[in-house]
Amino acid sequence: MTQRSVLVVLFDGVQSLDVTGPAEAFTAAGRVLGDPAAYRLRFASLDGAPVTAHSGLRLMADASLKDAGPRKTDILLVPGGDGAHHPDAGLLDWLRAHGPGADRLVSVCSGSLLLAEAGLLDGHRATTHWASCADMARRYPAVRVEADPIFVRDGRVATSAGVSAGIDLALALVEEDHGRGVALAVARILVVFLRRPGNQAQFSAQLAAQTARREPLRELQQWITEHPGDDLSVEALARRARLSPRHFARAFHAETGTTPGRYVERVRLEHARRLLEETPDGVREVSRAAGYGTPEAMRRAFVKTLGTAPAEYRRRFRPTPA
């Protein structure tokens, strides 16, 4: 059986779950496979000293990165946390020197900011915690930032979104290495889903937009999510909010950070995805229920946003019966 080395980078201010979540997934895979060394985990800080996580938890290092670096590394895992926003220059130098040599370069949450600062994501598709996506795109224009998915694979580079998404990415790597059966067994041990698709949204349409300050608009946001199949044109929504269309559009954007049209698009796409994943309804029924009107309109929305047609999305991401 192939054994793989996993080097986990530690630093002060790290998010502890970014470290322990994937580590538990890889360790559980070894238990399922009957080989504790299936994934040989090493934890290393820059100088080999313990680090203090953002939560105050103390994490011990097995070695310094200087000592760990020369060895062959199958998976180099870089977690995120507050410390990723103010990186140590020595850590960045180490990543620049050793990141290209890892077979798979993996980040969790804001760990992708470290990889981007080190120049290791240039020309790659990548994601990070939703709160940092806009900043990452602005600071690193050579990186193709994708704000929606919970993880992104681009060749040997794999980046994941906030915190728990690191477990999803680790499960995907286990499935790639050892098959779906092993990954499913690991998911059952950890009591998590196998597996949220990589292009599943990081958060719902309601969380993606700010919550409006004024109660009428706040109530309207909730009403939209509960009635995706209704007439949700600006004119219809303005009438419900008792505002002129122009005043409504300006107020909605000012208070939510997005336009009414984009908010409606996210709500309808989210609703359609949920129906495709959770119900046996046909594509035509789903398109009507989600407010698209026709299967072709829904297909265009799926291809534009997700890069796949509704029928293919259902085939890939609807859980299969146990």
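(A) Summary view of the environment of H85. One can find H85 in the loop between β6 (75–78) and α3 (89–98). On a C-alpha basis, the gap between H85 and E117 in space is 9.9 Å, while along the polypeptide they are 32 residues apart. Not counting the four nearest positions on each side in its chain, H85 is found in contact with S110, L113 and S132.

(B) Inspection of the state of the cysteines at higher detail. Tallied over the entire structure, the rule returns zero disulfides. Cysteine C109 is unpaired, with the sulfur of C133 as its nearest cysteine sulfur at 9.7 Å.

(C) Focus on the pairing of strand β2 (residues 39–45). Note: strand β1 (residues 4–10) against β2, seven bridges, orientation parallel. Bridging from a neighbouring strand, L7 pairs with R42 of β2. At this point the chain moves from β1, through helix α1 (residues 16–33), to the parallel β2, and the crossover so formed is right-handed.

(D) Spotlight on the nonpolar core. The biggest cluster of nonpolar side chains holds 63 residues, and the ones touching the most others in it are F26, L76 and L95. The element best represented in this core is helix α6 (residues 165–178), accounting for eight residues. Non-local contacts of L95, meaning those with residues more than four positions away in its chain, are made with L76, V78, P100, L114, A118 and L120. Counting 14 residues, the second-largest nonpolar core is a separate cluster that includes I224, A238, F248 and V267.

Conventions and cut-offs
- Residues numbered from 1 in each chain as written.
- Predicted model: local features only at pLDDT ≥ 70, side-chain atom pairs only at ≥ 80, totals over all residues.
- Heavy atoms only, no water.
- Helix = DSSP H or I, 4+ residues; strand = E, 2+ residues; numbered from the N terminus.
- Contact = heavy atoms within 4.5 Å.
- Disulfide = S-S within 2.5 Å.
- Pairing = 2+ DSSP bridges.
- Right-handed = clockwise from strand over helix to strand, strands pointing away.
- Core = buried A, V, L, I, M, F, W, Y, C linked by side-chain atoms within 4.5 Å.
- Buried < 20%, exposed > 50% of the residue type's maximum accessible area, 1.4 Å probe, protein only.

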